[in-house]
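Secondary and tertiary structure notes
Here is what each chain is made of, one letter per residue.
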Amino acid sequence: MSRAPILINDLVKGNQVWKMLIRVVDLWVVNEKNGHQHLEMVIQDVKGGKIHVTTWNRDFKDWFEQVKEHETYILYNGEPVDNEGPLKVCSHPLKLVFNGGTTMTKAALPDIPTHKYIFHPIDNFLKGNYKHDILYDVIGVLQDVVKTQMGGGGRKSCVNITLRDVEGNVIEVALWEVYGKQFMNYTTPNNSSGPTVIILTHAWCKPNTVSGLPSLSNAWNDSRLLIDLDHPQVAEFKASFGANALSGIPALSQSLTCDSSIQPANNFWTNLSEVKTIRAISALGKDSFGTTIGTTVGFKASKNGWYFESYAGSSGNIDSKPVMKFKVEVEVVYADHKETFVFWDKDCIPFTKKTARELREVMKEAGEDNPKIWPAHLDVLLNKQFVFRVKYQQQYRQFSIVKILNEEGLYDKFDKYLTPDEVQPDETMPGEPILATSTTAPILNPNQLTQTSEQSFCAEPYSAANPSWSPEASSNSTPAKRGSESTSINDIIQPEEITPKQSATKAKPGKKIKHLKKE
């Protein structure tokens, strides 16, 4: 007699024999630290119940060849265990482990609904309505490409973007490694008009280390990046904006700025309370962020030259291939006050149209291979009026550029605001405006894109101990290191009959364990 099928919510820990009718709604491969792979998935039953499934790496080939996403199956047997991972794909209290007795038979089961995304609203993230140990699906229109960071020099590649919903809420998203590369591979040749809809599945939300605002990133293995997906929910999402709302969102080809800090027109740069003169920012006498303006008048011919070399491997490894980066010190003046600004790769390449390595090759051909000999190509940086978003570094008494802003008319707008005869002078500093807020770390509004993004992507200052630093290095943490990424199923379940090895969480015989005293 055939066993009656049960629902996912009827699974009981310890009961390994049962029958379920399911659809595979999500499927992915997990790369373990030891080089092995195993398959994980999310399955759904006729009532919409979902549970996270994981398999053994020893069975990877069999399950990889047999299981297909979106297909329906009759599933027999498996081991329900506690869902205690550091980050959870499903909120179900149990996780299902396929064991030696698990089998699946493909069957036509049209009553089981097709997969439907359950998107967590951006507004809920910004209000703190999320759990740190749960992964969420999120959808949004691409608002801006804030920054791209290429891999190398000990850094992971990353693309930082912002997503917007229909209410105008904006949240930061960090796409690490293959996810960032996937984004760039899609967007670089894309010339399609209209807004770009981004879906990131199994996204991890946590407070940004600099701004403190919630931000999203992909998980190492479980996330999926879907761009302009042909899906009814995407069409419904676009329709929710209305034609007028979508008309104000830039097309992807207009907003993409790969490896550049120069951004397109941005109407969010209107908070004048953050704008200060170069003198006012430097006079604070401490590390601080700010927006300022000035004219580039010359290079500072220091011992550092116009480029530096770092190594992808460990410092001093002569076998590593050097990575060459721009580090151009430029003197910028405003209101007769001059300071040094550091231009990095993202600031120089859009003007020189060459990388530091390519420009050095040009100098080599001219017989002038010395970083202290400044190529004429760099002169394109001089005699220009810029609006800067900067970090002042008190230790080095210089400004490190976070972003160059090129919105039309923005320089004149800020110049008029900072004109001494149009603002109230400060008694302690004649000619300087009194500003309402401090430049150290402005209060950030999640609905104001520029304030959010700028404070979120700043790294530690350049130092001798870290010669390869540039603002391209994001302060965002790397994506969620899932338990599945670093471990195998052995760390989830330890049945003695199939896992004779001692658990890594158990103490070895004779070894004392120190317990921390509770306060």
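Residues numbered from 1 in each chain as written. Predicted model: local features only at pLDDT ≥ 70, side-chain atom pairs only at ≥ 80, totals over all residues. Heavy atoms only, no water.

Side note on the overall build of the protein chain
Definition in use: By definition, any uninterrupted DSSP run of H or I lasting at least four residues is a helix, any uninterrupted run of E lasting at least two residues is a strand, and each is numbered from the N terminus. Throughout, a contact is declared for two residues whenever any of their heavy atoms are within 4.5 Å.
Of regular secondary structure, the protein chain possesses twelve helices and 22 strands. Of the contacts made within the protein chain by residues no fewer than 6 positions apart, 68% connect residues no fewer than 24 positions apart.

Here we look at the environment of lysine 19
Inspection of the secondary structure assignment puts lysine 19 in strand S1 (residues 19-31). Spatially, the C-alpha atoms of lysine 19 and alanine 4 are 6.8 Å apart, while their sequence positions differ by 15 residues. Here lysine 19 is in contact with Ser2, Arg3, Ala4, Pro5, Ile6, Ile74, Leu75 and Tyr76, once residues within four sequence places are set aside.

Quick notes on the pattern of salt bridges
The cut-off we apply is this: The salt bridge criterion pairs a side-chain nitrogen of Lys or Arg with a carboxyl oxygen of Asp or Glu, the two atoms within 4 Å. Under the scheme applied here, a residue whose accessible area is under 20% of the maximum for its type counts as buried, over 50% as exposed, and between as partly exposed, the area being computed with a 1.4 Å probe on protein chains only.
Inspection of every chain in the model, using the stated rule, returns 14 salt bridges. A salt bridge links lysine 338 to glutamate 331; the shortest N-O distance between them is 3.8 Å. Residue classification places lysine 338 among the partly exposed positions, given a relative accessible area of 46%. Taken together, the shared-partner salt bridges in this structure form one network comprising Asp26, Glu69 and Arg224.

Section: unusual backbone geometry
Positive phi is not limited to glycine here, since aspartate 228 has a value of about 50°. Under the relative-accessibility criterion, aspartate 228 is labelled partly exposed at 26%. Residues other than glycine seldom take positive phi values, yet arginine 397 does so here, at roughly 50°. Locating arginine 397 in the fold gives a position in the loop between strand S19 (385-393) and strand S20 (398-405). Residue classification places arginine 397 among the exposed positions, given a relative accessible area of 56%.

A look at the nonpolar core
This is how it is decided: To qualify as a nonpolar core, a set must consist of buried Ala, Val, Leu, Ile, Met, Phe, Trp, Tyr and Cys residues joined through side-chain atoms within 4.5 Å.
Counting 36 residues, the largest nonpolar core has Trp306, Val328, Phe341, Phe343, Leu378 and Phe388 as the members making the most contacts within it. Going through the elements one at a time, helix H7 (278-282), strand S15 (288-299), strand S17 (322-334), strand S18 (337-344), helix H9 (356-365), S19, S20 and helix H10 (410-418) are the ones with two or more residues in this core. Residue contacts for valine 328: discarding those within four places in its chain leaves Phe299, Trp306, Phe341, Val342, Phe343, Cys348, Trp374, Leu378 and Leu381. Counting residues in hydrophobic clusters, the runner-up holds 25 residues, among them Tyr130, Ile134, Val159 and Val173.

Observations regarding the packing of aromatic side chains
Rule in force here: The criterion for an aromatic pair is that two Phe, Tyr or Trp rings (for Trp, the six-membered ring) have centres within 6.5 Å, with stacked assigned to planes under 30 degrees apart, edge-to-face to planes over 60 apart and tilted to the rest. The rule for a charge over a ring is simple: NZ of Lys or CZ of Arg within 6 Å of the ring centre, and within 35 degrees of the ring normal.
By the definition in use, this model includes 16 aromatic pairs. Arranged with centres 5.6 Å apart and planes meeting at 85°, the rings of phenylalanine 125 and tyrosine 136 form a pair that is edge-to-face. With phenylalanine 125 in helix H2 (residues 122-126) and tyrosine 136 in strand S8 (residues 136-149), this pair connects stretches of sequence that are eleven residues apart. Tyrosine 136 carries the same exposure label as phenylalanine 125, and that label is buried. Here arginine 58 stacks its cationic end above the ring of tryptophan 56, 4.8 Å away from the centre of that ring.

Observations regarding the sheet that holds strand S4 (residues 72-76)
Counted only if it meets this: Should DSSP find at least two bridges between two strands, the strands are taken to pair. Note on geometry: axes are C-alpha line fits, over the in-contact stretch for helices, and angles between N-to-C directions span 0 to 180 degrees.
Read from one edge of the open sheet, seven strands run S5-S6-S3-S2-S1-S4-S7, paired in mixed fashion. Strands at the two margins of the open sheet, each flanked by one partner only, are strand S5 (79-82) and strand S7 (103-106). When the angles between neighbouring strand axes are averaged without regard to direction, this sheet yields 40°. Summarising the sheet, strand S2 (residues 37-44) and strand S3 (residues 50-54) pair through five bridges and their orientation is antiparallel. The residue of S3 that forms the bridge with methionine 41 is valine 53.

Side note on helix H4 (residues 232-241)
For an α-helix, the turn length of 3.6 residues means that residues three or four places apart are oriented alike. The test is simple: What the arc covers is the set of directions going from the helix axis to the C-beta atoms.
Residues of H4 that are buried include every one of Gln233, Val234, Phe237 and Phe241, and no others. One side of H4 carries all its buried residues, which in axial view fall inside an arc of 105°. When the buried face of H4 is taken as reference, the exposed residues oriented beyond 90 degrees from it are Pro232, Glu236 and Ala239.

Section: helix H3 (residues 178-187)
Every buried residue of H3 is listed here: Tyr179, Gly180, Phe183, Met184 and Thr187. The buried residues of H3 occupy an angular sector of 135° when projected down its axis, which confines them to one face. Opposite the buried face of H3, by more than 90 degrees, sit the exposed residues Val178 and Asn185.

Re the pairing of S20
Among the eight residues of S20, eight are classified as buried, and the element is accordingly described as predominantly covered. Bridge count between S18 and S20: two bridges; the pairing is parallel. Residue pairing for S20: phenylalanine 341 is matched across the bridge by phenylalanine 399. As paired strands, S19 and S20 are joined by seven bridges and run antiparallel to one another. In the strand pairing of S20, glutamine 393 is matched with glutamine 398. In textbook terms, the turn of a hairpin is the stretch between consecutive antiparallel strands, and for S19 and S20 this stretch comprises four residues, one of which, arginine 397, has a positive phi near 50°.

Describing the confidence of the model for the protein chain
Here is the rule we go by: Per residue, pLDDT captures the predictor's confidence, and it can take any value from 0 to 100.
Of the residues in the protein chain, 70% have a pLDDT of 70 or more, and the chain-wide mean is 75. Overall, residues 253-270 carries pLDDT values under 50, and its contacts beyond four positions in sequence, including any with other chains, amount to 63 contacts.

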